[in-house]
Structure formats: structure tokens, C-alpha cells
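What follows is each chain in one-letter form.
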Amino acid sequence: MSVTEMVLETIQALPAEQQQQVLEYAQALQKNHMPEPTEQRANSFLNHPAFGMWKDRDDMKDVKEWRQQLWRKD
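Residues numbered from 1 in each chain as written. Predicted model: local features only at pLDDT ≥ 70, side-chain atom pairs only at ≥ 80, totals over all residues. Heavy atoms only, no water.

### Some remarks on the overall build of the chain
Here's step 1: Broken down by element type, the chain carries four helices and zero strands.
Here's step 2: Sequence-ordered secondary structure for the chain, helices as α and strands as β, is α-α-α-α.
Here's step 3: Relative to the globule expectation of 11 Å for 74 residues, the C-alpha radius of gyration of the chain, 26 Å, shows a markedly less compact shape.
Here's step 4: Dimensions of the chain, computed from C-alpha atoms along their principal axes, come out at roughly 75 × 30 × 15 Å.
Here's step 5: Counting only residues that meet the buried cut, the chain has 1% of its 74 residues in that class.
Here's step 6: Accessible area for the chain stands at about 7,400 Å²; split by element, carbon and sulfur atoms hold 56% of it.
Here's step 7: Here the chain contributes 9 positively and 12 negatively charged side chains, and the mean placements of these two sets differ by 14 Å. (Helix = DSSP H or I, 4+ residues; strand = E, 2+ residues; numbered from the N terminus. Rg over C-alpha atoms; globule rule 2.2 N^0.38 Å. Buried < 20%, exposed > 50% of the residue type's maximum accessible area, 1.4 Å probe, protein only. Areas by Shrake-Rupley, 256 points an atom, 1.4 Å probe, with all protein chains shown as cover. Lys, Arg positive; Asp, Glu negative; His and termini not counted. Charge placed at Lys NZ, Arg CZ, Asp CG, Glu CD.)

Here is the structure:
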């Protein structure tokens, strides 16, 4: 018997009120393990204190040029 089948069998033996409690607990577990939505991750990244710390560097105004110089072999 699989774990899913054992859980289902056990829950079915409980009174309706306790079944509801199990459901709410399982939903809370699921919510805690869901990945954070992309927009929230982006906002948390943008609000990080280190974000933009190099914005005033003159040598990095043109990122494409900066990368080319960085990897250029002389």
C-alpha cells in the first residue's frame, strides 16, 4: 500500500471535523513549500541593499563594452 493510500484510509476513518483539520494542515504545508512567485522574487531582489551598488561607476556605464574589455586578450 502506498503512502497516499495509507493517508487516505486514515483520513477517511476520522470524523468530518478532524478531516477538515487534516485538510487545513495539508494546505498549510503545501503553501509553505510552494516556490515564491517570480514577481515577489524580483521585488525582493530589487529591494536588496546591494542592488545598484555599482550604478555610479563610470567604467561600467556601457556594460557590453565593459565585458568586452574584461575578456579581451591582448
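There is more to say after this.
### Comments concerning a nonpolar patch on the surface
Here's step 1: A cluster of nonpolar side chains, namely Met1, Val3, Met6 and Val7, defines an oily patch on the protein surface of about 410 Å² accessible area.
Here's step 2: Relative to the elements of secondary structure, Val3 occurs in helix α1 (residues 3–12). (Patch = residues over 30% accessible without salt bridge, like charges linked within 9 Å, V, L, I, M, F, W, Y side chains within 5 Å. Salt bridge = Lys/Arg side-chain N within 4 Å of Asp/Glu carboxyl O.)

### What about the environment of Met1?
Here's step 1: Relative to the helices and strands, Met1 is located in the segment before α1.
Here's step 2: Every residue in contact with Met1, bar those within four places of it in the chain, is listed here: Met6 and Glu9. (Contact = heavy atoms within 4.5 Å.)

### A short note on the confidence of the model for the chain
Here's step 1: Within the chain, residue pLDDT values average 84, and 92% of them lie at 70 or more.
Here's step 2: Per-element mean pLDDT across the chain ranges from 74 in helix α3 (residues 38–46) up to 94 in α1. (pLDDT = per-residue confidence, 0-100.)

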